[in-house]
Amino acid sequence: MGIKGFVEGGIASIVAGSTTHPLDLLKVRMQLQGESPAPAPLPVHAHSIRPAFQYGGPHHHTITHALPLPPAAAPPRAGLVTVGMKIVQQEGAAALFSGISATVLRQTLYSTTRMGLYDMMKQKWSDPHTGNLPLGTKITAGLIAGGIGAAVGNPADVAMVRMQADGRLPPSERRNYRGVTDAIGRMVRSEGVGSLWRGSSLTVNRAMLVTASQLASYDQIKETILEKGVMRDGLGTHVASSFAAGFVAAVVSNPVDVIKTRVMNMRVEPGEAPPYTGALDCAVKTVRSEGPMALYKGFVPTISRQGPFTVVLFVTLEQVRKLLKDF
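Remember, it's a predicted structure, so these values are computed and weren't measured experimentally.

A. Layout of a nonpolar patch on the surface. Where nonpolar side chains cluster on the molecular surface, the patch consists of Leu 209, Phe 247, Val 248, Val 251, Val 252, Met 293 and Tyr 296 and spans about 550 Å² of accessible area. Residue position: Tyr 296 is located in the loop between helix H9 (279-290) and helix H10 (299-323). Classification of Tyr 296 by relative accessible area gives partly exposed; the value is 30%.

This is the structure in structure tokens:
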């Protein structure tokens, strides 16, 4: 297969990523719900205190000190439809495609690599007579391919998350990236080259889980359907297998995805401590402040996106393979 597997996987991934981008954006916005900056101190002046506690009579000096604001009550969590309607009303329908250039670059780097490598390993390790591969070996191939692909595509992933999340910030705090190249360039200039691999450990872990669960389960489910004679090899089998694979991938990867999104999106100001020191710190703070189910924030848009994404991915992949079978 060689290069052909990379080309086939790349085309299918770009088509799938572009068509399901709005759902991915909704997932990111929902995962960031409940995340808020530390409360600012509230200035308190002596003349606002009861007279019995003031000093110096009518010519007293104003004493200013800071008291922390009480924690604000967390707003109710909005659902998928509510978040989508709010984005359209406040930012316009085009905002649903914020970061699409980063998505295309991410799929070109990350998904092309993982799909091509998985295909190469599957061809190399498959039984020469049956063409099948044991489930454990499929999972191993997915873990390896996903990890390498994520390391290659992490800069585009960081840019995509930031561009998708930008609209939820107050206008004065928005980054207003013009595109993926502008986002990457500004990150390098203001935060250093290392910022392009912020959250890379999470990206790699998530990609390993997604690739192993998504690709391995698709192949395994498809083989089982064909072996049991439930359906013939065709569109119905491809859709059923891919949707089931998308569900498995969503369940396995959502907690890591929530933490990855928050670490990548955090704003680090010069001279100030970052909101999170790492993935574990982010996970602990998220669970403490929002509860353990916060790790499954955005699960509805995740499965709503993973299902269609995986269906489009594998249905497109099967069609591309048919078109390129003679090459």
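Alright, that's what it looks like, and here's the rest.
B. Structural context of the packing of helix H2 (residues 21-31) against helix H3 (residues 80-91). It is at 10 Å that the axes of H2 and H3 come closest, and there the two elements cross at 100 degrees. By the criterion of interaxial angle, the relationship of H2 to H3 is roughly perpendicular. Here H2 contributes Leu 25, Leu 26, Arg 29 and Met 30 to the contact with H3, which in turn contributes Leu 80, Val 83, Gly 84, Ile 87 and Glu 91. Its residues placed into classes, the contact of H2 with H3 shows 6 nonpolar, 1 polar and 2 charged.

C. A look at the environment of Val 188. You can see Val 188 is positioned in helix H6 (residues 180-191). Discounting chain neighbours no more than four positions away, the residues touching Val 188 are Val 193, Ser 195 and Leu 196.

D. The arrangement of the layout of surface pockets in detail. Approximately 420 Å³ is the volume attributed to the second largest pocket. Along the walls of the second largest pocket sit 20 residues, with Lys 122, Asp 219, Lys 222, Glu 318 and Arg 321 positioned nearest its centre. Those elements that place two or more of their residues in the lining of the second largest pocket are helix H4 (100-125), helix H7 (200-228) and H10. Looking at which element gives the most residues to the lining of the second largest pocket, the answer is H7, with 5 residues. Among the residues forming the lining of the second largest pocket, the class breakdown is 4 nonpolar, 6 polar and 10 charged.

E. Looking closely at the packing of aromatic side chains. Per the counting criterion, the structure on display carries 2 aromatic pairs. With centroids separated by 3.8 Å and ring planes inclined at 5 degrees, the aromatic side chains of Tyr 218 and Phe 314 adopt a geometry described as stacked. In this pair, Tyr 218 is assigned in helix H7 and Phe 314 in helix H10, connecting sequence segments 96 residues apart. For the pair Tyr 218 and Phe 314, one class covers both residues: buried. Look at Tyr 296 and Phe 299: their rings are 5.9 Å apart centre to centre, the planes differ by 65 degrees, and that puts the pair in the edge-to-face class. The ring of Phe 309 has Arg 305 lying over it, and the distance from NZ or CZ to the ring centre is 4.2 Å.

F. Local environment of the pattern of salt bridges. A complete count under the given rule lists 20 salt bridges for this structure. For Asp 182, the salt bridge goes to Arg 178, with nearest N and O atoms at 3.4 Å. As a salt-bridge pair, Lys 285 and Asp 281 come within 3.2 Å of each other at their nearest N and O atoms. Taken together, the residues span about one helical turn, with Lys 285 and Asp 281 both in helix H9 at a distance of 4 residues. Look at Lys 285 and you get partly exposed, because its relative accessible area is 37%. Within the structure, one salt-bridge network assembled from shared partners comprises Asp 24, Lys 27, Arg 106, Asp 157, Arg 206, Asp 257, Lys 260 and Arg 305.

G. Geometry of the packing of H4 against H10. One can describe the packing of H4 onto H10 by two numbers: an axis separation of 14 Å at closest approach and a directional angle of 60 degrees. By the angle class used here, H4 and H10 are oblique. Relative to H10, H4 is oriented so that their crossing is right-handed. Taken together, the residues of H10 that come into contact with H4 (itself represented by Gln 107, Arg 114, Met 115, Asp 119 and Lys 122) are Arg 305, Phe 309, Leu 313, Leu 317 and Arg 321. Grouping the constituent residues of the contact of H4 with H10 by class yields 4 nonpolar, 1 polar and 5 charged.

H. Representation of the confidence of the model for the protein chain. Put simply, the protein chain has an average pLDDT of 84, and 87% of its residues get 70 or more. Contacts for the low-pLDDT stretch residues 38-57, under 50 throughout, to residues beyond four places or in other chains number 28 contacts. A low-confidence stretch, residues 60-68 (pLDDT under 50), is modelled with 21 contacts involving residues beyond four sequence positions or located in other chains.

I. Here's a closer look at the nonpolar core. By size, the foremost hydrophobic cluster in this structure holds 15 residues, and its most contacted members are Met 115, Tyr 118, Leu 215, Leu 313, Phe 314 and Leu 317. Breaking this core down by element, the ones donating at least two residues are helix H1 (3-19), H4, helix H5 (135-165), H7 and H10. The element that contributes the greatest number of residues to this core is H10, accounting for 4 residues. Core analysis: the next-biggest nonpolar cluster, separate from the first, contains 13 residues, Tyr 177, Ala 183, Ile 184 and Leu 196 among them.

J. Looking closely at H5. Here H5 spans only 37 Å end to end across 31 residues, well under the 45 Å set by a 1.5 Å rise per residue. The largest bend in H5 amounts to roughly 60 degrees and is located at Gly 153, with the proline Pro 155 lying one to four residues further along.

K. Region of the structure containing the environment of Ala 145. Mapping Ala 145 onto the fold places it in helix H5. In this structure the C-alpha to C-alpha distance between Ala 145 and Met 120, which are 25 residues apart in sequence, comes to 9.6 Å. Apart from residues no more than four positions distant in its own chain, Ala 145 is found in contact with Arg 114, Leu 117, Tyr 118, Met 121 and Thr 211.

Each value, and the rule that gives it
Residues numbered from 1 in each chain as written. Predicted model: local features only at pLDDT ≥ 70, side-chain atom pairs only at ≥ 80, totals over all residues. Heavy atoms only, no water. Patch = residues over 30% accessible without salt bridge, like charges linked within 9 Å, V, L, I, M, F, W, Y side chains within 5 Å. Areas by Shrake-Rupley, 256 points an atom, 1.4 Å probe, with all protein chains shown as cover. Salt bridge = Lys/Arg side-chain N within 4 Å of Asp/Glu carboxyl O. Helix = DSSP H or I, 4+ residues; strand = E, 2+ residues; numbered from the N terminus. Buried < 20%, exposed > 50% of the residue type's maximum accessible area, 1.4 Å probe, protein only. Axes fitted to C-alpha atoms, helices over the stretch in contact; angles between N-to-C directions. Parallel < 35°, antiparallel > 145°, perpendicular 65-115°, else oblique. Contact = heavy atoms within 4.5 Å. Nonpolar A, V, L, I, M, F, W, Y, C, P; charged D, E, K, R; others polar. 1 Å grid on protein atoms, 1.4 Å probe; cavity = no way out; pocket = protein on both sides within 12 Å on 5 of 7 lines; lining within 4 Å. Points joined across faces, edges and corners; volume = space filled by probe spheres on them. Phe/Tyr/Trp six-rings, centres within 6.5 Å; stacked < 30°, edge-to-face > 60°. Lys NZ or Arg CZ within 6 Å of the ring centre and 35° of its normal. Left-handed = near helix turned anticlockwise from the far one by under 90°. pLDDT = per-residue confidence, 0-100. Core = buried A, V, L, I, M, F, W, Y, C linked by side-chain atoms within 4.5 Å. Expected span 1.5 Å × (residues − 1). Bend = angle between axes of the 7 residues up to and from the residue.

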